[in-house]
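Analysis of the macromolecular model
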Amino acid sequence: FLKFIEANFPQAQTMSQITRRMTLAWMKNLDDKGMSGASYNTKLSLMKGLFEKLGAQAGVPVNPFNGIPYHEKNTMHRQPFTQAELNAILSKCDDLLRPVFLTAMCTAMRRGDCAMLKWESVDLEHGFISVKTSKTGELAEIPLFPLLRAELEKLPRKGIYVFPEAAAMYKANLMGLTWRFKK
């Protein structure tokens with residue numbers, strides 16, 4: 001926001017000099033860049049809150065961000081695979097991809113979280129996987145479906161990763177697993 005104001009409205013040197021026209025110009029700039037609804041809303045909320053908290057002390061009579069509408073977040077509604085589709089995909093997976101895909105299918109974990117899964121995160125005795133997710137960084141405890149448990153019990157322990165070949169591929173080329181899956 002500051003860089004935009006400095007570049008486009010250099011006369012505004014203090015918070016109290018920020019006008020509604022300037023804030024609308026910044027929000028339009030975000031739109032023109034093609035920013036997602038969620039990111040746009042986060043920036044709007046942050047600036048609205050900042051002016052709300054500090055505005056009175058800075059001599060801002062009216063929060064210039066008040067009343068600017070939030071964007072739709074463009075939520076996508078995806079159709080899940082059917083059981084027949086999942087079985088068809090599994091039947092075509094190669095030996096490297098099959099257990100990784102099965103893990104994704106049974107846990108809803110992301111590609112990288114599956115490929116980089118460590119044995120220390122797998123508790124076969126109590127039947128769950130406990131991982132810190134790459135997207136949110138939160139700890140997720142995921143129960144093991146019998147199909148996934150049976151697959152994991154068959155695997156040899158060749159190091160810290162459950163799927164060492166997939167982990168190596170993921171580290172070397174993030175899109176390698178995606179390419180194999182699409183194939």
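The structure displayed is predicted, hence computed values, not measured ones. (Residues numbered from 1 in each chain as written. Predicted model: local features only at pLDDT ≥ 70, side-chain atom pairs only at ≥ 80, totals over all residues. Heavy atoms only, no water.)

Structural notes on the pattern of salt bridges
Charged atoms that come close allow side chains of opposite charge to pair. All told, the structure shown has 6 salt bridges when counted by the stated rule. A salt bridge links E151 to K154; the nearest nitrogen and oxygen atoms lie 3.8 Å apart. You can see E151 and its partner K154 sitting in helix α7 (residues 146-154), 3 residues apart, about one turn around the helix. Residue classification places E151 among the buried residues on the basis of a relative accessible area of 11%. Judged by its relative accessible area of 64%, K154 falls in the exposed class. As a salt-bridge pair, E165 and K158 come within 3.3 Å of each other at their nearest N and O atoms. Residues participating in the shared-partner salt-bridge network are R98, E151 and K154. (Salt bridge = Lys/Arg side-chain N within 4 Å of Asp/Glu carboxyl O. Helix = DSSP H or I, 4+ residues; strand = E, 2+ residues; numbered from the N terminus. Buried < 20%, exposed > 50% of the residue type's maximum accessible area, 1.4 Å probe, protein only.)

Describing the sheet that holds strand β2 (residues 128-132)
Strand order in the open sheet made by the 3 strands is β1-β2-β3, with antiparallel pairing throughout. Where the open sheet ends on each side, the last strands, each with one partner, are β1 (122-123) and β3 (139-143). Relative to β3, β2 runs antiparallel, the two sharing 5 bridges. Bridge pairing in β3 places I129 opposite I142. (Pairing = 2+ DSSP bridges.)

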